[in-house]
Amino acid sequence: MALPHRMSTVVVLMLAVVAMLMEVGGSRQPRQGRRTKRGNDMCSSNSVAEYKLTFYGAWSKEKFPRMYPTSRPHAQWSKLVGRTHDKSHQMWSEGNTSSLAFKKFAEEEDSELLEMQVQGYDGVYDTFSCEPLARGEGKTSTVILADGTHSKVSFVVRLIPSPDWFVGVDGLDLCQNGRWRQKVSVNLRPYDAGTDQGITFTAPNYPSHPLQPVQKITAFFPSHMASPFYYPEYRKLPRIAHAEMQLVAQYLRRGAASSHKPNELTAEPVDCRVTEWSEWGPCSKTCGYGQRVRSRRVLSHARNGGSVCPLLQQQELCGGMSTCNWKHFDSFSQKMFGTGRRQRFNVDHRAQQG
């Protein structure tokens, strides 16, 4: 039976409303939410992202039994040193030779040149570090900042003891498909910095001349029984460390927060902070004029366009000719008097008179 025209119109309208409600409450609402979330996570040029970086050491005797360092010193990790930067900057890279600053860190855990290297460098946005780990296993973390034009992160952690071995990340991009990555996990493998030819943990200093390219250490390289990482029975080495970077918050440069924690971070400039000067070191010369040095360390680096770090080292003139222990006059005395000592003579004037 055909429905009256007015009733059929009402039924059609009701069905349309139900369909609309189902569409809004079903499939489109989540898509709307995802679009909003992705929009908030856009890594545009005026966007600043805050990540929590956590380094996990997994260097154990169970995983790496060959020559595992147990004393003097035992297995441990140096502090982590890193930076966020643009595509023009390179901290280290597999296949390339190490810079002098990187060599100092890889061999001696001396990060002073690495930290001085980035002062005022336009390609670097943020510099950061983590506390060292006193054992082969453990974790340490810090907060890092990146922006839409400086979305790459690089860092390095040295194996202690070792000739010049390290783990790290080279230019990992936190921005993917135009959006900040929510969480990044990366397995870390050991590398040889190519600055020292030693192949054991406690090998004596044996500089590489010329420098060799940075190479990944594997179960087959170095191919030598003395290498503590030589495990020809393995297809690949067990994981020695890994890192995680978790997006904490995102902010716009104008100061308005665009996601999770609007009051946690501001884009205000932060100046570099340094320690007080150390005491003056010893004079470089014990005879004549030399130099002595004092230094200070970076507590926190500049961020968001703050003042860069001041000089971290001072030198001044020291010593003098009065500090010299000259022996010329002693030699002359020995020739003249035999012993070099002053002698006393008693003269009998009465004998001369008589």
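Data block above holds the structure.
Attention shifts here to the environment of Asp41. Position of Asp41 relative to the elements: it lies in the loop between helix H1 (5–40) and strand S1 (47–58). With relative accessibility at 5%, the residue Asp41 sits in the buried group. A C-alpha to C-alpha distance of 9.5 Å links Asp41 and Cys175, two positions 134 residues apart in sequence.

Under the counting rule described, the total for this entry stands at 15 aromatic pairs. The interplanar angle of 65° and the centroid separation of 5.1 Å between the aromatic rings of Trp92 and Tyr191 together place this pair among those described as edge-to-face. Of this pair, Trp92 sits in the loop between strand S3 (80–85) and helix H2 (100–108) while Tyr191 is found in strand S11 (residues 191–192), placing the two residues 99 residues apart along the sequence. Each member of the pair, Trp92 as well as Tyr191, is classed as buried. A connected cluster of aromatic rings, assembled from ring pairs, spans Phe55, Trp59, Phe64, Tyr68, Trp77, Trp165, Phe201 and Phe229.

A contiguous nonpolar surface patch, about 270 Å² in accessible area, is contributed by Leu100, Leu113 and Met116. Within the secondary structure, Leu100 is located in helix H2. Leu100 gets classed as exposed once you look at its relative accessible area, which sits at 57%.

Attention now moves to the sheet that holds strand S5 (residues 137–147). Hydrogen bonds between backbone atoms are what pair the strands of a sheet, whose relative direction is either parallel or antiparallel. Taken together, the four strands give an open sheet; going across it, the order is S5-S1-S13-S10, and neighbouring strands pair in antiparallel fashion. Because the sheet does not close on itself, it has two edges, and the strands there are S5 and strand S10 (183–188). Along the sheet, successive strands turn relative to each other by an average axial angle of 20°, direction set aside.

Attention shifts here to the state of the cysteines. Scanning the entire structure with this criterion turns up four disulfides. Cys283 shares a disulfide with Cys318; S-S distance 2.1 Å. Judged by the torsion about the S-S bond (90°), the Cys283/Cys318 disulfide is right-handed. Taken together, the positions of Cys283 in the loop between strand S14 (273–274) and strand S15 (288–295) and Cys318 in strand S17 (residues 313–320) put the pair 35 residues apart, joining distant regions of the chain. Accessibility expressed as a relative area gives 28% for Cys283, which makes it partly exposed. What pairs with Cys287 in a disulfide is Cys324, and their sulfur atoms sit 2.0 Å apart. Of note, the bridge from Cys287 to Cys324 carries an S-S torsion of about 95° and is right-handed in sense. Placement of the pair is Cys287 in the loop between S14 and S15 and Cys324 in the loop between S17 and helix H4 (328–337), with a sequence separation of 37 residues. You can call Cys287 partly exposed: its relative accessible area is 38%.

Once that is clear, we can look at the layout of surface pockets. Take a probe with the size of a water molecule and roll it over the atoms, and the empty space left behind shows itself. Considered as a void within the structure, the largest pocket measures approximately 470 Å³ in volume. What lines the largest pocket is a set of 24 residues, and nearest its centre among them are Lys79, Glu115, Ser129, Val298 and His301. Looking at which element gives the most residues to the lining of the largest pocket, the answer is strand S4 (residues 124–130), with four residues. Its residues assigned to classes, the lining of the largest pocket shows seven nonpolar, eight polar and nine charged.

Calculation notes
Residues numbered from 1 in each chain as written. Predicted model: local features only at pLDDT ≥ 70, side-chain atom pairs only at ≥ 80, totals over all residues. Heavy atoms only, no water. Helix = DSSP H or I, 4+ residues; strand = E, 2+ residues; numbered from the N terminus. Buried < 20%, exposed > 50% of the residue type's maximum accessible area, 1.4 Å probe, protein only. Phe/Tyr/Trp six-rings, centres within 6.5 Å; stacked < 30°, edge-to-face > 60°. Patch = residues over 30% accessible without salt bridge, like charges linked within 9 Å, V, L, I, M, F, W, Y side chains within 5 Å. Areas by Shrake-Rupley, 256 points an atom, 1.4 Å probe, with all protein chains shown as cover. Salt bridge = Lys/Arg side-chain N within 4 Å of Asp/Glu carboxyl O. Pairing = 2+ DSSP bridges. Axes fitted to C-alpha atoms, helices over the stretch in contact; angles between N-to-C directions. Disulfide = S-S within 2.5 Å. 1 Å grid on protein atoms, 1.4 Å probe; cavity = no way out; pocket = protein on both sides within 12 Å on 5 of 7 lines; lining within 4 Å. Points joined across faces, edges and corners; volume = space filled by probe spheres on them. Nonpolar A, V, L, I, M, F, W, Y, C, P; charged D, E, K, R; others polar.

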